[in-house]
Amino acid sequence: MKGTNSHFLTRNSELPKIIVISKQCVIKEDLFSLKIHLSYAPNLPTNRYKQSNCNMMKAAMISSHGDGPDVVSVEEVEKPNRKSKNDVLIKVLAASISMGDCHLKSGRISFVMNPALPYIPGQDSCGIIEDIDDSTSKKTGLNVGDVVVAHSEDPDKGQLAEYVLVDAFSCVKKPESMSNQTAAACIWGTTGRMAVSLGKVKSDSRVLVLGGSGGVGTYAVQFAKKKGAFVAATSTQENMLKRLGVDKVINYKEVNWWELEDFKKNPFDTIIDVRGCSFYKAATNKVIKSRKDGGVFVAVTGDDPFPTLKTLSAVFSFFSKLLWRPLWTRSGFWRTSYPTCTPFVCIPDKAMLTEYFRELDELKIQTVFDPNGPFQLTSEGVKKAFNLIESHHTHGRVVFEIAKN
């Protein structure tokens, strides 16, 4: 992400492209600080995917904002060329999409992320380097033919295409032991890993993951188990989570987790909320320990898992709530009966991904794929994939197989 100044923009400024909450996502217990960084760039012209008679490729394209399959298709567009020394041209082998791509497609967050239409979706990919500047190659150690993992926070640089341009200094070489699809799909696991870290999970901790079978939850339960903790999770996928080591699975369709007497008698040290809207259910029903007893509620998702951020007032409202609860639960002796609330956003950089890949291999963390995949880069394939995510019933990561190496 670009930008180092924390400020809000005026009505005469260009629309912000990205809001980042603390780039390294570090929240100190003694001083809760949350900085909002706005990165600006004018909307790109709508003809940036101009067509010609040669150097064409297939790419998923979002033609207009909206939910459902009608706004997404696969089109023939011009293959990109390097524009700067930092650009790397990658032939994509595999790519993945997530709920964030659905938020962007819907237009609900257009005030903070508003790529020019049409645009290519997808943040994560794995592919082979086809072109790199010689001086950049020397600085990064990357060479033509290397298989790398790429992550982009720029919505104007989508990854769901046969070829993509990425920043050389954000690419990480794919570990040899990792498959192409795993490499493209596992990056969101950094969020699960960070949630466990911010939740202060230890070997004697009791941890509840709300949404344990989703793209983030499957990593959170595994990292918590590797700490030696007792782990419970909400999901309808009991067999899957048992295979990942989860001790207790709560079918949310059959029982309300916040009403279980066992949880009230033995409250959790940490709750990791991937679903949203669960803080007060946990706190008021005493299924999580209080702040004075070390209870930590980690909010991967806010109160509204599908926020509408189309106006400046909506942005202020959203972030004021996001700021207020962590401050409120950390101040005043009369609030010690509530757990500490810790919201965060994980923006993985090259150093974080390098360490993360090492841990995945060392700890034998599994990447769980939704059984409906892998999807193909066809109009039918991308429509099915987006429909699946928007149904809120994914069980693992949604990944595309683009090519073979």
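Before reading on, note that the structure itself is shown above.
Just so we're clear, the structure is a prediction, and the values are computed from it rather than from any experiment.

Q: Tell me what's going on with the overall build of the chain, and back it up with residues and numbers.
A: From N to C terminus, the chain includes 11 helices and 17 strands. Taken over 405 residues, the chain has a buried fraction of 55%. For the chain, contacts bridging at least 24 residues in sequence account for 73% of all contacts bridging at least 6. For the chain, the computed accessible surface area is about 18200 Å², with 50% contributed by carbon and sulfur atoms.

Q: Give a description of the side chain of Asp-101 that names residues and reports values.
A: Mapped onto the elements of the fold, Asp-101 is located in helix H1 (residues 99-106). Dropping the residues within four chain positions of it, Asp-101 is found in contact with Tyr-119, Pro-121, Gly-122, Gln-123 and Phe-386.

Q: Summarise the packing of aromatic side chains; cite the residues concerned and give the values.
A: Applying the stated rule across the entire model yields 11 aromatic pairs. Plain terms: the ring middles of Trp-257 and Trp-258 are 5.3 Å apart, the flat faces sit at 85 degrees to each other, and that makes the pair edge-to-face. Both residues of the pair, Trp-257 and Trp-258, belong to the buried class. Between Phe-318 and Phe-319, the aromatic rings sit 5.1 Å apart at their centres with planes inclined by 85 degrees, giving edge-to-face as the arrangement. Chaining the aromatic ring pairs together yields one cluster made of Phe-279, Tyr-280, Phe-297, Trp-328 and Tyr-338.

Q: Give a detailed account of the sheet that holds strand S13 (residues 270-273), specifying residues and quantitative values.
A: The parallel open sheet is built from 6 strands, whose spatial order is S12-S11-S10-S13-S14-S15. Each edge of the sheet is formed by a strand with only one pairing partner; in this case those strands are strand S12 (248-250) and strand S15 (340-343). With direction set aside, neighbouring strand axes in the sheet form an average angle of 15 degrees. Where strand S10 (residues 206-210) lies against S13, 4 bridges are found, and the strand directions are parallel. Paired with Val-209 across the bridge in S13 is Ile-272.

Q: I'd like a rundown of helix H5 (residues 217-226), residues and numbers included.
A: Helical periodicity: at 3.6 residues per turn, an α-helix aligns residues three or four positions apart in one direction. In terms of burial, H5 is a largely internal element, 8 of the 10 residues being buried. Here H5 has its buried residues at Gly-217, Thr-218, Tyr-219, Ala-220, Val-221, Gln-222, Phe-223 and Ala-224. Positive phi shows up at Gly-228, right after H5, with a value of about 95 degrees.

Q: So what's going on with the pairing of strand S6 (residues 124-132)? Residues and values would help.
A: The buried fraction of S6 is high, at 7 of 9 residues. Sheet topology note: the strand S5 (residues 87-97)/S6 ladder contains 8 bridges and is antiparallel. In the sheet register, Ile-90 faces S6, and the bridge partner there is Ile-129. In this structure, S6 lies alongside strand S7 (residues 147-151), joined through 5 bridges in antiparallel fashion. Residue pairing across strands places Asp-124 opposite His-151, the latter belonging to S7.

Q: A description of the pairing of S7 should follow, citing residues and the corresponding values.
A: In terms of burial, S7 is a largely internal element, 5 of the 5 residues being buried. On S7, burial covers both faces: Val-147, Val-149 and His-151 on one face and Val-148 and Ala-150 on the other are all buried. Where S7 and strand S9 (residues 172-173) come together, 2 bridges link them in antiparallel fashion. Note that in S9 the partner of Val-149 across the bridge is Val-172.

Q: Describe in detail the environment of Leu-260, supporting the description with residues and values.
A: Relative to the helices and strands, Leu-260 resides in the loop between S12 and helix H7 (261-265). C-alpha of Leu-260 to C-alpha of Ile-250: the two residues are 10 residues apart in sequence and 9.8 Å apart in space. Other than its neighbours up to four places away in sequence, Leu-260 contacts Ile-250 and Val-255.

Q: Please give an account of the packing of helix H4 (residues 189-198) against H5 that cites residues and values.
A: Relative orientation of the contacting elements H4 and H5 amounts to 40 degrees, with a least axis distance of 8 Å. With respect to each other, H4 and H5 are oriented oblique. Like other packed secondary-structure pairs, H4 and H5 cross with a definite hand, here right-handed. Seen from H4, the contacting residues are Gly-189, Gly-192, Arg-193 and Val-196; seen from H5, they are Tyr-219, Ala-220, Phe-223 and Ala-224. When grouped by side-chain class, the residues that make up the contact of H4 with H5 number 5 nonpolar, 2 polar and 1 charged.

Q: Which residues make up the packing of H1 against helix H11 (residues 379-390), and what values do they have?
A: With their axes 9 Å apart at the nearest point, H1 and H11 run at an angle of 100 degrees to one another. Accordingly, the angle class assigned to the pair H1 and H11 is roughly perpendicular. Seen from H1, the contacting residues are Met-99, Asp-101, Cys-102 and Lys-105; seen from H11, they are Phe-386, Ile-389 and Glu-390. By residue class, the composition of the contact of H1 with H11 is 4 nonpolar, no polar and 3 charged.

About the cut-offs
Residues numbered from 1 in each chain as written. Predicted model: local features only at pLDDT ≥ 70, side-chain atom pairs only at ≥ 80, totals over all residues. Heavy atoms only, no water. Helix = DSSP H or I, 4+ residues; strand = E, 2+ residues; numbered from the N terminus. Buried < 20%, exposed > 50% of the residue type's maximum accessible area, 1.4 Å probe, protein only. Contact = heavy atoms within 4.5 Å. Areas by Shrake-Rupley, 256 points an atom, 1.4 Å probe, with all protein chains shown as cover. Phe/Tyr/Trp six-rings, centres within 6.5 Å; stacked < 30°, edge-to-face > 60°. Pairing = 2+ DSSP bridges. Axes fitted to C-alpha atoms, helices over the stretch in contact; angles between N-to-C directions. Parallel < 35°, antiparallel > 145°, perpendicular 65-115°, else oblique. Left-handed = near helix turned anticlockwise from the far one by under 90°. Nonpolar A, V, L, I, M, F, W, Y, C, P; charged D, E, K, R; others polar.

Don't take any of this as a statement about function, it's just geometry.
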